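These are the residues of each chain, in order.
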Amino acid sequence: MTQTFRLKKGQISFAEDRIVISDDAKKQKSMTLLSTGVTSIWGIVNIGKFEQSGDEFFHSFWIVLVILSLLIFFVTFLRSTNSLILLDNVKSIKVKQRFSNTLLDIKMKNNQLRRVIQIEDAEELKEYIEKYQNDLTGK
């Protein structure tokens, strides 16, 4: 039996042995990697400028910004964008609420995380996971 849930831009389907996700995760990952990479390069250039000028406040500001930007870059780089996930490869599935967004985090056995965002009917999805995927909820 296949159960399908709608996303704002796509859908997620749970089959007997797999999860099929159609969303714009690849586009989001690419945009995040591009923007944090550009920010890191720009920050490194500005670190050099403010080091030469002797302005300690902005020098420290750009160092912190570069560190945060690189951290986001590497965390994003480690995320998965797979559209087909076999249930044999899934370690845990969790539905989370952050601010006004509902997230579905699928952690795989290779420690990659597949995050699905903008779920339309989060309560129905949460009930489905608790009922049929209870062995993967990580409790």
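What counts and what doesn't
Residues numbered from 1 in each chain as written. Predicted model: local features only at pLDDT ≥ 70, side-chain atom pairs only at ≥ 80, totals over all residues. Heavy atoms only, no water. Helix = DSSP H or I, 4+ residues; strand = E, 2+ residues; numbered from the N terminus. Expected span 1.5 Å × (residues − 1). Buried < 20%, exposed > 50% of the residue type's maximum accessible area, 1.4 Å probe, protein only. Arc of directions from axis to C-beta. Contact = heavy atoms within 4.5 Å. Axes fitted to C-alpha atoms, helices over the stretch in contact; angles between N-to-C directions. Parallel < 35°, antiparallel > 145°, perpendicular 65-115°, else oblique. Left-handed = near helix turned anticlockwise from the far one by under 90°. Pairing = 2+ DSSP bridges.

### Some thoughts on helix α2 (residues 56–77)
Move 1: Over its 22 residues, α2 runs 31 Å from end to end, which matches the ideal 32 Å to within 8%, given 1.5 Å per residue.
Move 2: Residues of α2 that are buried: His59, Trp62, Val66, Ser69 and Thr76. All buried residues of α2 fall inside an arc of 120° around its axis, so they share one side. Exposed and oriented more than 90 degrees from the buried face of α2 are Glu56, Phe57, Ile67 and Leu71.
Move 3: On its buried face, α2 sits against α1 (25–53).

### Some thoughts on unusual backbone geometry
Move 1: Of note in this structure, Phe99 is not a glycine but carries a positive phi near 55°.
Move 2: Relative to the assigned elements, Phe99 resides in the loop between β5 (90–98) and β6 (101–108).
Move 3: Of the residues examined, Phe99 reaches a relative accessible area of 82% and is grouped as exposed.
Move 4: Phi at Asn111 takes a positive value of approximately 65°, unusual for a residue other than glycine.

### Points about the packing of α1 against α2
Move 1: In contact at an axis separation of 8 Å, α1 and α2 are set at 155° when each is read in the N-to-C sense. With respect to their mutual orientation, α1 and α2 come out roughly antiparallel. For the pair α1 and α2, the sense of crossing is left-handed.

### With respect to the sheet that holds β5
Each strand in a sheet pairs with another by means of backbone hydrogen bonds, the pair being arranged parallel or else antiparallel.
Move 1: Read across the sheet, three strands follow the order β5-β6-β7 without closing on themselves; strand pairing throughout is antiparallel. Only two strands of the sheet have a single partner each, and these edge strands are β5 and β7 (113–116). Strand-to-strand twist across the sheet, computed as the mean angle between neighbouring axes with direction ignored, equals 20°.
Move 2: Bridge count for β5 against β6 is eight bridges, and the pairing is antiparallel. In the sheet register, Ile93 faces β6, and the bridge partner there is Ile106.
Move 3: Across the sheet, helix α3 (residues 122–132) is in contact with β5 and β6; its angle to β5 comes to roughly 150°.

So, to be careful, I would describe these as geometric facts and stop short of saying anything about function.
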